[in-house]
Amino acid sequence: MNISYKWLKRYINLPDDAETVAKILTSIGLEVGTVEEKETIRGGLKGLVVGEVLTCAPHPNSDHLHVTTVNIGESEPLPIVCGAPNVAAGQKVIVATIGTVLYSGDESFTIKKGKLRGEESWGMICAEDEIGVGTDHAGIIVLPADTPVGMTAAEYYHIENDTIIEVDITPNRSDACSHFGVARDLYAYYKAHGQDVRLQKPDVEQFTINNNQLPIHVVVDAPEACPRYSGVSIKGVEVKESPEWLKNSLLTIGLRPINNIVDVTNFVLHECGQALHAFDADKIKGNEIHVRLAKQGEKFVTLDGIEREMNERDLMIANSSEAMCIAGVFGGLESGVTENTKNVFLESAYFDPVFIRKTSRRHQLQTDASFRYERGCDPNNTIYVLKRAALLIQEVAGGQVAMEVTDTVNGDFKPWDVTIQISRVNNLIGKAIGEDTIETILRALEIEIVKKDGDIWQLAVPRYRVDVQRECDVVEDILRIYGYDNVEFPEKLNTSLAYSPKPNPEQLRRRIAEQLTAQGFNEILNNSLTKVAYYEPLEQLPLANCVKIMNPLSQDLGVMRQTLLFGGLESIARNANRKNNDLKFYEFGSCYHYHANPAAREHNPENSLVEYSEEPHLGLWLTGNKSAQSWVRKDEKTSFYQLRAYVDNILVRLGIDITKISVERLENELFSDGLVLKAVNGKALGFIGIVTRKQLKIFDIDQEVFYADLDWNQLLKQNKQYKAVINDLPKYPEVKRDFALLVDKNIEFADLARAAFSVEKKLLKNVFLFDVYEGKNLETGKKSYALSFILQDAENTLKDTQIENVMNRLKAKFEQEFHATLR
């Protein structure tokens, strides 16, 4: 949420600058994202001053230029060549001096000293559109004759820069969803730290009922969804463009001005945190407002022109015959304020947060109003806000209040009763901060101390603090205002022994993460919620097996992921769009699945999660170049085999014997080719694949992506079987022998390696594939594998007869099982 520093100062006399205020807000729980200078006009008219044209003569080498001298209040007048047809001696004008930067859309240019057709020009006399104060380019700006020479243009045009503080509001802090709410928190901080500040809420004492010419009758038919509904009508307004102060206030925080009535409701929303809605009173049929639930299937056209089908749990604001608004979410197309509106009805209500949240999610409508209503507004603030808005409307649009304020209340909105124990407060904080300090903080937070009974205090917490209803909530509020940094660490730390499981999943995870990081990978962390569209066309990961969110924020966050793949592809696309193409990513994350099983659900009715599963996985992504081009080497693309090597390194680090890993070809619609890695017991440890072009196109990725997915639970089970064995270094040399085998194309190296180890388990230490050949001089359907075999005896030097015996048995095995022949 954008907070204007100048807007804040309307309510509190801030003693600090914007940067310091931002740090204070973060320290008290309102985390600040950015602090940014905001200019009403880009550049702030810096370098522009008022000048007087002393002389103006035709340019000797041009039929449309003029040579002028301009006094800008310095020791010497400036020679300036001007092409405007209306320039003349004696005029007061706006001059851009040398070094001034002028902006045109996204482009800019700097005023420099130069010559135009032989005549020197030390600046520029400006038109409206050239400095951003208007759109006219017919001629230069001519100011009133009494304008002081040398005055800055910023001063003349009353340009006021502001600072925008972007505050990340957490869901529990609905009370801080406004400028006054933030000012209220700052006031509590300053008061608790002994600074003299004043909090000033806009006065509404001048609100008056002028007549009763436009009464609107309100009936609340759904009190459970609308505990309080307040309203008032204003007759004889003039809908027009808002005054500058109102437009600038909205523009500063990123809102587009619409008209004076709507702008007032938006202003009050961001001032007080209470959403308002303005109806055209002449469109309220029967002069009646009915707050009711929608009829199932009822059709309603919202302000964006879309016809929506309503649910029976959607709350509607209707007149005597038809709906006019989705309560607390979005207005209707036919009932809003237009340029022809003369009479308005202002609504200020407290709607049940659950109703609003569900309606907002159901119809995928997230608005400023629903953002606040679904977090919980202040039910005791509706009348004040109504009066504040009515006074502002009368100020900017005229009109008279034409009815008594209607206020339908269904509920008790007394403060929250909370009991705290001072000793427990100090214990939870970790420091005794003193009762006087606690009392000062509570009073600054508008928490009333009803009764003190020794160590026990009875408190009345304002209703707008929806997140403070327990003792621990009060303690948290005290601590954030007191300052987390003011709680010192004790000199003595106590600890206790803790026994970790074997294997320790967190320790192993950290070990693998450090290894991958050392190999040049970057860790990513993607949202477990993902797009429905990713799974709709899939057969092996069907949408039916997704864990669906009941009230999703949007379709982009509609289901929980079944695979880590898509999140990584999103990260690759984001980086590739920013010219960062050579990427190595890894992510530890859970995947979620739903498998409909009525029998299991019936057998175990108490376990509501019997049909759901959550599995930890490790994902790796590789794309782009393996190494950047330099004077010693050319670009080298990443490959499937490079990723396979990284996966093997992980398995080795986890103590898994990769020589006993079997592989099968991956059959998956998301991958054009790949391998499935299996343990000795036949369990799949994971897979490595090449992502299909079809999938890459969805993410606008135009380079190959290699992906590995490892089942972390299976890896931990394999690690549990691992026992470290220490052996002496071999005393006797190893022997290397090679075979060039001609085999069928469908034979894999892994099959040959497995067969080799089945023949000789003692002496055969390793098998390498060092060449593959397919092409001329080979039979159709054949390929050549060149294999190296490493033999070694730990007790003796190998003899030729032993070596020949092993190699003959290997040859026989290959001939028998694979019909291989030696080349």
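Structure first, text after, so check above.
Residues numbered from 1 in each chain as written. Predicted model: local features only at pLDDT ≥ 70, side-chain atom pairs only at ≥ 80, totals over all residues. Heavy atoms only, no water.

1. Description of the overall build of the chain
Our working rule: Here a helix means four or more residues in a row that DSSP labels H or I, a strand means two or more in a row labelled E, and each is numbered from the N terminus. Between buried and exposed lies partly exposed: a residue is buried under 20% and exposed over 50% of the maximum accessible area for its type, with that area taken using a 1.4 Å probe on protein chains only. In this analysis, two residues are considered to be in contact whenever any of their non-hydrogen atoms come within 4.5 Å of each other. Per-residue and other accessible areas were derived by the Shrake-Rupley procedure at a 1.4 Å probe size, with only the shown protein chains allowed to occlude residues.
On a plain count of helices and strands, the chain comes out with 21 helices and 43 strands. Taken over the C-alpha atoms alone, the chain extends approximately 115 × 90 × 65 Å along its principal axes. Across the 823 residues in the chain, those meeting the buried criterion constitute 48%. In the chain, the share of contacts with a sequence separation of at least 24, taken over all contacts with a separation of at least 6, comes to 70%. Entry remark: accessible area of the chain is about 42,600 Å², with carbon and sulfur atoms responsible for 47%.

2. Some thoughts on the environment of Glu-166
Here is the rule we go by: Polar contact is the term for a pair of N or O atoms within 3.5 Å; when the atoms are in protein, one must be able to donate a hydrogen and the other to accept it, and sequence-neighboring residues count only if both atoms are side-chain atoms.
Summarising the element assignment, Glu-166 is placed in strand β12 (residues 162-167). In this structure, the C-alpha to C-alpha distance between Glu-166 and Leu-30, residues 136 residues apart in sequence, is 9.8 Å. Beyond its immediate stretch of four places on either side in the chain, Glu-166 contacts Met-1, Asn-2, Glu-31, Val-32, Gly-33 and Thr-34. Reaching out from Glu-166, the side chain makes a polar contact with the side chain of Thr-34 at a distance of 2.9 Å.

3. Some points on the packing of aromatic side chains
In plain terms, the rule: Stacked, edge-to-face and tilted are the three classes for Phe, Tyr and Trp ring pairs, Trp counted by its six-membered ring, which pair at centre distances within 6.5 Å; planes under 30 degrees apart are stacked, over 60 edge-to-face, the rest tilted. Whether a charge sits over a ring comes down to the Lys NZ or Arg CZ being within 6 Å of the ring centre and within 35 degrees of the ring normal.
Summed over all chains, the structure comprises 23 aromatic pairs. Members of the aromatic cluster, joined through ring pairs, are Tyr-534, Tyr-535, Phe-566 and Phe-699. The lysine or arginine in question, Arg-184, covers the ring of Tyr-464, its NZ or CZ lying 3.9 Å from the ring centre. The ring of Tyr-384 carries Lys-201 above its face, with NZ or CZ at 4.2 Å from the centroid.

4. Remarks on the pattern of salt bridges
Pairing between side chains becomes possible if they bear opposite charge and their charged atoms approach one another. Test applied: Here, a salt bridge means any side-chain nitrogen of Lys or Arg that lies within 4 Å of a carboxyl oxygen of Asp or Glu.
As enumerated under the stated definition, the model contains 36 salt bridges in all. Across the pair Asp-407 and Arg-228 runs a salt bridge, and its minimum N-O distance is 2.7 Å. A residue pair is termed long-range when its members are at least 10 positions apart, and Asp-407 in strand β24 (residues 406-409) and Arg-228 in strand β14 (residues 228-235) qualify at 179 residues. Relative accessible area serves as the criterion here: at 32%, Asp-407 is assigned to the partly exposed category. In this structure, Asp-304 and Arg-308 form a salt bridge, with 2.7 Å as the shortest nitrogen-oxygen distance. Under the relative-accessibility criterion, Asp-304 is labelled partly exposed at 39%. The exposure class of Arg-308 is buried, given its relative accessible area of 12%. Among the charged side chains, a salt-bridge network with shared partners connects Arg-173, Asp-175, Asp-185, Arg-465, Asp-467, Asp-477 and Arg-480.

5. With respect to the side chain of Lys-678
With respect to the helices and strands, the residue Lys-678 is situated in strand β37 (residues 671-678). One polar contact links Lys-678 to Glu-664, side chain to side chain, over a distance of 3.2 Å.

6. Remarks on the sheet that holds strand β32 (residues 583-594)
Formally: In this description, strands pair whenever DSSP reports at least two bridges between them.
Taking strand neighbours across the sheet as the criterion, the seven strands line up as β28-β32-β33-β39-β38-β37-β36 in an open arrangement whose pairing is mixed. Across the chains shown, the open sheet's two edge strands, defined by having one partner strand only, are β28 (522-523) and β36 (662-665). Summarising the sheet, strand β38 (residues 684-691) and strand β39 (residues 705-711) pair through five bridges and their orientation is antiparallel. Within β39, the position partnered with Ile-688 by the bridge is Ala-708.

7. Notes on the packing of helix α12 (residues 435-444) against helix α13 (residues 471-482)
Two measures define how a pair of helices packs: the angle their axes make with one another and the distance between the axes. Under the convention used in this document: Working convention: axes come from line fits to C-alpha atoms, limited for helices to the stretch in contact. Angles between N-to-C directions cover 0 to 180 degrees. The scheme is simple: roughly parallel for angles under 35 degrees, roughly antiparallel for over 145, roughly perpendicular for 65 to 115, oblique for anything else. Three classes are used: nonpolar for Ala, Val, Leu, Ile, Met, Phe, Trp, Tyr, Cys and Pro, charged for Asp, Glu, Lys and Arg, and polar for all others, with Gly counted as polar.
Across the interface, α12 lies against α13 with an axial gap of 10 Å and an inter-helix angle of 95°. It follows from the interaxial angle that α12 and α13 lie roughly perpendicular. Between α12 and α13, the contacting residues are Thr-437, Ile-438, Ile-441 and Leu-442 on the first element and Val-474, Ile-478, Ile-481 and Tyr-482 on the second. The residue makeup of the contact of α12 with α13, split by class, is seven nonpolar, one polar and no charged.

8. Description of empty space enclosed by the protein
Note the following rule: Points on a 1 Å grid, built from protein atoms alone, make a cavity when a 1.4 Å probe fits but cannot get out and make a pocket when they are open with protein on both sides within 12 Å along at least 5 of 7 lines; residues with an atom within 4 Å of a point are the lining residues. Grid points are joined across faces, edges and corners, and a volume is the space filled by probe spheres set on the points.
Using the criterion set out here, one finds one cavity of 30 Å³ or more in the structure. There is about 50 Å³ of room inside the largest cavity. In terms of lining residues, the largest cavity is bounded by Asp-175, Arg-184, Asp-185, Ala-188, Ala-444, Leu-445, Tyr-464 and Arg-465. Here the lining of the largest cavity takes three residues from helix α5 (residues 179-192), the largest share from any one element.

9. Side note on the sheet that holds strand β26 (residues 448-453)
Strand order in this open sheet of three strands is β25-β27-β26, and the pairing throughout is antiparallel. The open sheet is flanked by β25 (416-421) and β26, the only strands paired with a single partner. Geometrically, the sheet is characterised by an average inter-axis angle of 20° between neighbouring strands, direction not taken into account.

10. Quick word on the layout of surface pockets
Each pocket or cavity is described by its volume, and for the largest pocket that value is around 1,600 Å³. At the level of secondary structure, the elements contributing two or more residues to the lining of the largest pocket comprise α17 (640-653), β36, β37, α20 (749-759), β41 (764-773) and β42 (782-791). Class assignment of the residues belonging to the lining of the largest pocket gives a composition of 18 nonpolar, five polar and 12 charged. Forming the walls of the second largest pocket are 29 residues, and the residues nearest its centre are Val-262, Thr-265, Asn-266, His-277 and Leu-303. Mapped onto the lining of the second largest pocket, the elements with two or more residues apiece are α7 (260-272), β15 (276-280), β20 (323-326), β21 (330-331) and α9 (368-373). Classifying every residue of the lining of the second largest pocket by side-chain character gives 17 nonpolar, nine polar and three charged.

11. Description of the side chain of Gln-642
Note that Gln-642 resides in helix α17. A relative accessible area of 9% means that Gln-642 is categorised as buried. Residue contacts for Gln-642: discarding those within four places in its chain leaves Leu-622 and Lys-626.

12. Side note on helix α15 (residues 565-576)
Quick reminder of the rule: A helix is expected to reach a length of 1.5 Å times the quantity of its residues less one.
Between the first and last C-alpha of α15 there are 16 Å, a value that for 12 residues agrees with the 16 Å anticipated at 1.5 Å per step. Looking at the buried residues of α15, the elements they touch are β32, β33 (612-623), β37, β38, α18 (693-698) and β39.

13. Section: α13
Relative to the 16 Å expected for 12 residues at 1.5 Å per residue, α13 spans 16 Å between its end C-alpha atoms, a close match to the ideal helical length. Of all the 12 residues making up α13, 10 are buried; the element is thus mostly covered by neighbouring parts of the structure. Within α13 the residues assigned to the buried category are Glu-471, Asp-473, Val-474, Val-475, Asp-477, Ile-478, Leu-479, Arg-480, Ile-481 and Tyr-482. Summarising the contacts, the buried residues of α13 are in contact with α2 (18-27), α5, β25, α11 (422-429), α12 and β27 (456-461). Where α13 terminates, the next one or two residues include Gly-483, which has phi positive at roughly 115°.

14. Focus: unusual backbone geometry
The backbone phi angle of Asn-287 is positive, close to 50°, even though this residue is not glycine. Tracing the backbone through its elements, the reader meets Asn-287 in the loop between β15 and β16 (288-293). Residues other than glycine seldom take positive phi values, yet His-819 does so here, at roughly 55°. Looking at where His-819 falls in the secondary structure, it is placed in the loop between α21 (800-818) and β43 (821-822).

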